[in-house]
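What follows is each chain in one-letter form.
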Amino acid sequence: MSTLSQRLLIRDRAAGKTPLVAALDIGSSKIGCLISRRADMSDGVIKIAGAGDQSSRGVVSGAVVDMDGLERSIRLAVEQAESAAGVRVSDVVVGVSGPDLKGEATSFDLSVSGREISETHVREALAGAVQKFKASGREVLHAAPMGYAVDGSAGVRDPRGMFADVLTASVLIVSVPGPALKNIAQCVTRAHLTPAAFVASPYASALAALVEDEREQGAVVVDMGGGVTSATAFHQDGAVYLSALPIGGARVSNDLSQGVGTTLSAAERLKTLHGAATLTEVDAFDMVDAPRLGDDGRLEASRLSKGQLAGMIRPRVEEIFELVDARLSKASATGRPLPRRIVLTGGGSLLPGVKDVAEDVFRAPVRLARPAKTIGLGERYETAAFTAAAGLLRWEMAGPPDANGAGFARHAKSLETAGLLRKTFAWLRDNV
């Protein structure tokens, strides 16, 4: 071990940080686990020591429906990553997804009475904005400062040192229903793991997918998962919008199952091997095997053209993007305008032709993204399906973004400790 690595290891241990970081992305179609060593991160580039994944059992559209099934999937994914890395982990950063994730903007006006704005004023304004959030039945995952206004003049990045009568702080609160979070925590704990932190998976995807210019100038990350499609907007290096829909790539497989008259597993295989969202990606007249259920309930040989498959797939993909676009348009109409640059990621984005459909629906350029500044993933994991998992590592290893820039998220060692809002106030007290 180099001298620098030794110093980093000593520093992390002194700060109560383990030398290993494990990210656990719990999705509706797969459970992904990535492991990295803190000392291996250099110049913002994260090196993966081991990776694992398993089909997700017990999760439907982001909601836990079978705790035993989910526990087993978690255990197997983590064991696979541990075997690849040659290590054992106990703490994991857990990604939280689902259509019940909400991002809500709040603001607070603090009277400064013409004085110079200090760090204390900023802290009080942020705390006031967070306190306005009505958290009945919900737990706060993130409270990300969206910006400040001085005497009504918005767009202020850092108001400290300025003079004003009124300082306004705007914050994006990302929350999830308390029982849903506890169910996930219970499954993780039953797999003999400790949730070191809970992070909104769409937020993590944005951290891993966006490049610096996109975070600064503004972009919307659309993460198309198996059961949930989310949209997270960044502007001026901070999260300004987050929303999720209970529909994803699994709905396409279901459409094929119904349209072809086959089993869901056969439809999923058909989509993966031969599916496309546009005819430009395939030879429309090329025939492929598409087994159907016969009169006796067993699969029997059948053939279908790729053009017919694309005809079944595109309408559903269009619908998903149209629903996302409608939410973005509504948010822009009722609040601050959201950026129109679209960055597409998630397992659903791997389907050929999806980018073309997205550009048609959003009427804007679309970039397909996979984990950035992450090495060692290998061919299997270096895809858009693992963007959220890579983002979880980045969130933990790079630390929550500065409260005066991209916002912050809080660590939660246990759901049995004090409420999340109180944790947020503590973070503000210690870091702003």
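This one's a predicted model, so the numbers in the text were calculated from it and none came from an experiment.

Colleague: Mind showing me how you'd approach the packing of aromatic side chains here?
Modeller: Here a ring pair, both rings aromatic, is described through the centre-centre distance and the interplanar angle of the planes. Counted according to the given criterion, the structure contains three aromatic pairs. Relative to Phe-234, the ring of Tyr-203 lies with its centre 6.0 Å away and its plane at 25 degrees, an arrangement referred to as stacked. With Tyr-203 in helix 5 (residues 201–209) and Phe-234 in strand 13 (residues 229–235), the pair connects residues that are 31 residues apart, well separated along the chain. Accessibility expressed as a relative area gives 3% for Tyr-203, which makes it buried. For the pair Phe-321 and Phe-362, a centre-to-centre distance of 5.6 Å together with 55 degrees between the ring planes defines the contact as tilted. Residue Phe-321 is found in helix 9 (residues 306–334), and its partner Phe-362 is found in helix 10 (residues 354–362); the two are separated by 41 residues along the sequence.

Colleague: Would you take a moment to explain the nonpolar core for this structure?
Modeller: Nonpolar side chains in soluble globular proteins tend to end up buried together. Counting 104 residues, the largest nonpolar core has Leu-24, Ile-26, Ile-74, Val-188, Tyr-203, Val-317 and Phe-321 as its most contacted members. One finds Leu-110, Phe-133, Val-156 and Val-171 within the second-largest nonpolar core, a separate group that totals 19 residues.

Colleague: Explain the sheet that holds strand 14 (residues 238–245) here, please?
Modeller: Whether parallel or antiparallel, the strands of a sheet pair through hydrogen bonds between backbone atoms. Taken in spatial order, the five strands of this open sheet run 14-13-12-19-20, and their pairing is mixed. Unpaired on one side and paired on the other, strand 14 and strand 20 (366–368) mark the two borders of the sheet. With direction set aside, neighbouring strand axes in the sheet form an average angle of 20 degrees. Both strand 12 (residues 219–224) and strand 19 (residues 342–345) contribute to a ladder of four bridges, which runs parallel. Bridge pairing in strand 19 places Val-222 opposite Leu-344.

Cut-offs used in this document
Residues numbered from 1 in each chain as written. Predicted model: local features only at pLDDT ≥ 70, side-chain atom pairs only at ≥ 80, totals over all residues. Heavy atoms only, no water. Phe/Tyr/Trp six-rings, centres within 6.5 Å; stacked < 30°, edge-to-face > 60°. Helix = DSSP H or I, 4+ residues; strand = E, 2+ residues; numbered from the N terminus. Buried < 20%, exposed > 50% of the residue type's maximum accessible area, 1.4 Å probe, protein only. Core = buried A, V, L, I, M, F, W, Y, C linked by side-chain atoms within 4.5 Å. Pairing = 2+ DSSP bridges. Axes fitted to C-alpha atoms, helices over the stretch in contact; angles between N-to-C directions.

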